[in-house]
Each structure stands twice: as structure tokens, then as C-alpha cells.
Amino acid sequence: EIAEIAADCARNFEHQCREKNLALSIDMPTNLPTFAADKRAVVQILLNLLSNAVKFCAPGGAVVVSARISDGEMIITVSDNGIGIAKDKLARIVEPFFQTNANPHIAQEGTGLGLSIIKLLIEAHGGTLDIDSEFGVGTEVTVHLPMSQPRQSGSENRWPDTAG
């Protein structure tokens, strides 16, 4: 239930959003079907994306979580109108420990592992990650997850190992 998961994850950021005067909204149809995925992984993906969106959004900004179904995929998008990412750094943003922000106060707020971890979780589910951003305008991160997961032979209810 992606709408329920998104609402639970968004609640974790209510205090930060109030402090920064950010509008955090969830824009999803009420009739989205359930899909096969590791719930802990989906929660981790959304928490990391929301954390980045809230962290890099200027006071008074907006963060939106949306989801839809298209071509057999659950498509989840987290967008913000924050500081954005320069085009020349966009290709490296999913590398472990890479941070785009030169401001040491912002850069020290994270390890630079969030996007690399969620990329691994998404790929373990057979999905893909797209990041579109414009410096000074905002960022849109889109997660494509297949609606059903292929079974691994000999391990009927196990997800791929994302540890290594």
C-alpha cells in the first residue's frame, strides 16, 4: 500500500517541515493497487528521498510525493523546489560518499550514502532510478518498480541480497 507507506514516511518529517515552513504533500490516486516489494526497502527509499528533499529545500518551499501505475510499474516521485543539482554533478550523485553541496554546513548533514543505497535497493527489485534537477529550481527523483517481482529459483519468498 504505497499511499499508506508514503503517509507514514511523511509523518517523520512533520517537525522539520514546520520549522522550515515547508509544504509537504502526498499526491496519489486513492485506488492504487498493492504491489510486490520488500516493505522495508520501500520505506528506506522514501525516507532517504524525503530526507534529501526536506534538507535541500529552502524555507517556504514545497515537497511532493506522488505515485502512479504505468506500463506494469509503480512509479513513485519525490519532487522539491529546493536548491537543485548542477547538471555536471548529476551523473555522480548516486556514487557513495559523493556530495554536491560546497556549503560545509549542509554537506556535513549527511554521509553521501543515501542515494547510492536506494539505487541498490531499487535495482534489487528490478527497478530503475531517474533524477532530474536544475540548479536553483529543484529536483525530481523518480523510482520505477515493477508491479510484480520475479521469483528466484529455490528461494520463493526471498528478495535479492542488497548487502554486496
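Use the structure listed above.
Residues numbered from 1 in each chain as written. Predicted model: local features only at pLDDT ≥ 70, side-chain atom pairs only at ≥ 80, totals over all residues. Heavy atoms only, no water.

Visitor: How should the pairing of strand E2 (residues 62-70) be read in this particular structure?
Guide: Residues in a regular strand project their side chains so that they alternate between the two faces of the sheet. Pairing geometry for strand E1 (residues 23-27) and E2, over 5 bridges, is parallel. Residue Ile26 lies in a different strand from E2, and its bridge partner there is Val65. In terms of handedness, the path from E1 via helix H3 (residues 39-55) over to E2 forms a crossover that is left-handed. In this sheet, strand E3 (residues 73-80) lies alongside E2 in antiparallel orientation, the contact comprising 8 bridges. Note that in E3 the partner of Ala67 across the bridge is Ile76. Between E2 and E3, which pair antiparallel in sequence order, lie 2 residues; one of them, Asp71, sits at a positive phi of approximately 50°. (Pairing = 2+ DSSP bridges. Helix = DSSP H or I, 4+ residues; strand = E, 2+ residues; numbered from the N terminus. Right-handed = clockwise from strand over helix to strand, strands pointing away.)

Visitor: Just to check I follow, could you spell out the nonpolar core for this structure?
Guide: In a soluble, globular protein the nonpolar side chains are often hidden away together inside. Ile2, Leu46, Leu49, Ile76, Val78 and Val143 are the most contacted members of the largest nonpolar core, which has 34 residues in total. Residue assignment for this core shows that the elements contributing at least two residues are helix H1 (2-11), H3, E2, E3, helix H6 (114-124) and strand E5 (138-146). Ranked by the residues each element gives to this core, the list is headed by H3, at 8 residues. Setting aside residues up to four positions removed in sequence, Ile76 forms contacts with Ile2, Leu46, Ser66, Ala67, Val141, Thr142, Val143 and Leu145. (Core = buried A, V, L, I, M, F, W, Y, C linked by side-chain atoms within 4.5 Å. Buried < 20%, exposed > 50% of the residue type's maximum accessible area, 1.4 Å probe, protein only. Contact = heavy atoms within 4.5 Å.)

Visitor: Can you walk me through the sheet that holds E3 in this structure?
Guide: Strands belonging to one sheet form pairs held by backbone hydrogen bonds; the direction of such a pair is parallel or antiparallel. In spatial order, the strands read E1-E2-E3-E5-E4; together these 5 strands make up an open sheet with mixed pairing. Single-partner strands in this sheet number two, and they are E1 and strand E4 (128-134). Ignoring strand direction, the axes of neighbouring strands in this sheet form an average angle of 15°. Along the sheet, H1 contacts E1, E2 and E3; its crossing angle with E1, the most-contacted strand, is approximately 170°. Taken strand by strand, H6 contacts E4 and E5, and its axis lies near 145° from that of E4. (Axes fitted to C-alpha atoms, helices over the stretch in contact; angles between N-to-C directions.)

Visitor: Could you clarify how one ought to interpret the packing of H3 against H6 in this entry?
Guide: Packed helices, taken two at a time, are described by the angle between their axes plus the distance between the axes. It is the contact of H3 with H6, at a shortest axis distance of 10 Å, that shows an interaxial angle of 150°. By the angle class used here, H3 and H6 are roughly antiparallel. At the point where H3 passes H6, the crossing takes the left-handed sense. Here H3 contributes Ala41, Gln44, Ile45, Asn48, Leu49 and Asn52 to the contact with H6, which in turn contributes Gly114, Leu115, Ile118, Leu121 and Ile122. Here the contact of H3 with H6 is built from residues that sort into 7 nonpolar, 4 polar and no charged. (Parallel < 35°, antiparallel > 145°, perpendicular 65-115°, else oblique. Left-handed = near helix turned anticlockwise from the far one by under 90°. Nonpolar A, V, L, I, M, F, W, Y, C, P; charged D, E, K, R; others polar.)

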